[in-house]
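Chain by chain, the residues run as shown.
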Amino acid sequence: MVDDVALTLRPAGLPWEVAGSLYVAGTTAYATVFAVDPGPGETVVVSGAAGGVGSIAVQLARRRGARVIGLASEANHAWLKGHGVVPVAYGECVAERIRAASGGNADAFIDTYGDGYVELAVELGVRPERIDTICDWAGAARVGARTYGEGAAACAVVVGELARLAARGELEVPIARVYPLERVRDAFGELERRHAHGKIVLRP
Ligand SMILES: NC(=O)c1ccc[n+]([C@@H]2O[C@H](COP(=O)([O-])OP(=O)(O)OC[C@H]3O[C@@H](n4cnc5c(N)ncnc54)[C@H](OP(=O)(O)O)[C@@H]3O)[C@@H](O)[C@H]2O)c1
């Protein structure tokens, strides 16, 4: 028996792959944006900006009127630009490129990649309470950053709201690839390479 408050309708026309991606990636993205609370006139930096969580987080941050800088490889820059995000390549000297893109003024940082981005955010002058990471618990503990993720927002209300936005074409949920269940190993292999643009979906 499922409680009715745990259920939400899939809007007509919303593809199953998109609907199925909202519970983890969508609610996690929602939680990260809620955690750092970007507003109009502010600048938020997002690492892993074209990934499963990042691609949704950048759009939700843009909807709040913030300027969004997305860290991604060159291949994803056109997609980010198309969503009003300023793309910046990660790698060596990324701090200088972010400073150049932000005019030296980053207000918030959403980290979906790990590997030192919370420390980078502090170096950029972002206050710890406006840094959120979904994968670097040690880094967060070191600098006092937030760790809001799926657990903070995974509920029918948030899934329903994201589904409504996606069905109305106000939120794009990129689907990197759909694998049949028997190719689960290939799906995890692609996930582990960490360069998917959007969600990797397993279809039962
Ligand atoms: N705490 C939670 O509630 C929660 C929930 C969901 C996921 N997670 C975790 O969050 C992380 C992200 O999940 P995801 O599904 O969004 O991952 P994903 O789709 O695999 O995203 C990977 C992204 O990282 C980018 N990337 C690769 N190398 C990078 C680098 N050096 N610097 C910056 N970005 C880089 C890639 O961009 P390019 O392709 O442009 O290189 C790609 O878009 C995973 O560790 C996952 O386990 C946590």
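All values reported here derive from a predicted model rather than from experimental measurement. (Residues numbered from 1 in each chain as written. Predicted model: local features only at pLDDT ≥ 70, side-chain atom pairs only at ≥ 80, totals over all residues. Heavy atoms only, no water.)

A. Up close: the overall build of the chain. Along the chain, the regular secondary structure elements total 9 helices and 7 strands. Compactness check: the chain gives a C-alpha radius of gyration of 17 Å against a globular reference of 17 Å for 204 residues, within 12% of the reference. A principal-axis box enclosing the C-alpha atoms of the chain has dimensions of 50 × 35 × 35 Å. Considering only residue pairs separated by 6 or more positions, the chain has 57% of its internal contacts joining residues 24 or more positions apart. Just so you have it, the chain exposes about 10,200 Å², and 54% of that area is on carbon and sulfur atoms. Between the centroid of the 21 positive side chains of the chain and the centroid of its 24 negative side chains there is a distance of 4 Å. (Helix = DSSP H or I, 4+ residues; strand = E, 2+ residues; numbered from the N terminus. Rg over C-alpha atoms; globule rule 2.2 N^0.38 Å. Contact = heavy atoms within 4.5 Å. Areas by Shrake-Rupley, 256 points an atom, 1.4 Å probe, with all protein chains shown as cover. Lys, Arg positive; Asp, Glu negative; His and termini not counted. Charge placed at Lys NZ, Arg CZ, Asp CG, Glu CD.)

B. The arrangement of helix H9 (residues 184-193) in detail. Turning to H9, its buried residues are Ala187, Gly189 and Glu190. In a view along the axis of H9, the buried residues occupy a sector of 160 degrees, so they form one face of it. Residues of H9 that are exposed and point over 90 degrees away from its buried face: Arg185 and Glu192. Residues of H9 that are buried in the fold lie against strand S6 (175-180) and strand S7 (199-203). (Buried < 20%, exposed > 50% of the residue type's maximum accessible area, 1.4 Å probe, protein only. Arc of directions from axis to C-beta.)

C. The arrangement of the site of the ligand in detail. Close to the ligand lie 23 residues; Ser73, Tyr90, Tyr117, Glu150 and His195 are nearest. At 2.8 Å from an oxygen atom of the ligand is found a main-chain nitrogen or oxygen belonging to Gly52. Measuring from a nitrogen atom of the ligand, one finds a side-chain N or O atom of Tyr117 at 2.6 Å. Taken together, the residues that form the shell around the ligand break down as 11 nonpolar, 10 polar and 2 charged. (Near = heavy atom within 4 Å. Polar contact = N/O pair within 3.5 Å; in protein donor to acceptor, adjacent residues only side chain to side chain. Nonpolar A, V, L, I, M, F, W, Y, C, P; charged D, E, K, R; others polar.)

D. Representation of helix H2 (residues 54-63). The element H2 is extensively covered by neighbouring structure, given that 8 of its 10 residues are classed as buried. For H2, the elements touching its buried residues are helix H1 (16-36), strand S1 (43-47), strand S2 (67-71), helix H3 (77-82) and helix H8 (156-167). Directly after H2, the chain includes Gly65, whose backbone phi takes a positive value near 90 degrees.

E. Main features of the packing of H1 against H8. Axis separation between H1 and H8 bottoms out at 9 Å; the angle between their running directions is 115 degrees. Taken together, the axes of H1 and H8 lie roughly perpendicular to each other. Remark: the crossing between H1 and H8 carries right-handed chirality. Across from Val18, Leu22, Tyr23, Gly26, Thr27 and Tyr30 in H1, the residues of H8 making contact are Val158, Val159, Leu162, Ala163 and Ala166. Within the contact of H1 with H8, the residues separate by chemical class into 9 nonpolar, 2 polar and no charged. (Axes fitted to C-alpha atoms, helices over the stretch in contact; angles between N-to-C directions. Parallel < 35°, antiparallel > 145°, perpendicular 65-115°, else oblique. Left-handed = near helix turned anticlockwise from the far one by under 90°.)

F. Seen up close, unusual backbone geometry. One non-glycine residue, Cys93, adopts positive backbone phi at about 65 degrees. Within the element layout of this structure, Cys93 appears in the loop between strand S3 (86-88) and helix H4 (94-102). On the basis of relative accessible area, Cys93 is assigned to the partly exposed category, the value being 46%.

G. Expanded view of the packing of aromatic side chains. Applying the stated rule across the entire model yields 3 aromatic pairs. Centre to centre, the rings of Tyr113 and Tyr117 are 6.3 Å apart; their planes meet at 75 degrees, and the pair counts as edge-to-face. Overall, Tyr113 belongs to the partly exposed group, its relative accessible area being 33%. Here Tyr117 falls in the buried class, since its relative accessible area comes to 10%. Positioned over the ring face of Trp16 is Arg10, at 3.9 Å from the centre of the ring. (Phe/Tyr/Trp six-rings, centres within 6.5 Å; stacked < 30°, edge-to-face > 60°. Lys NZ or Arg CZ within 6 Å of the ring centre and 35° of its normal.)

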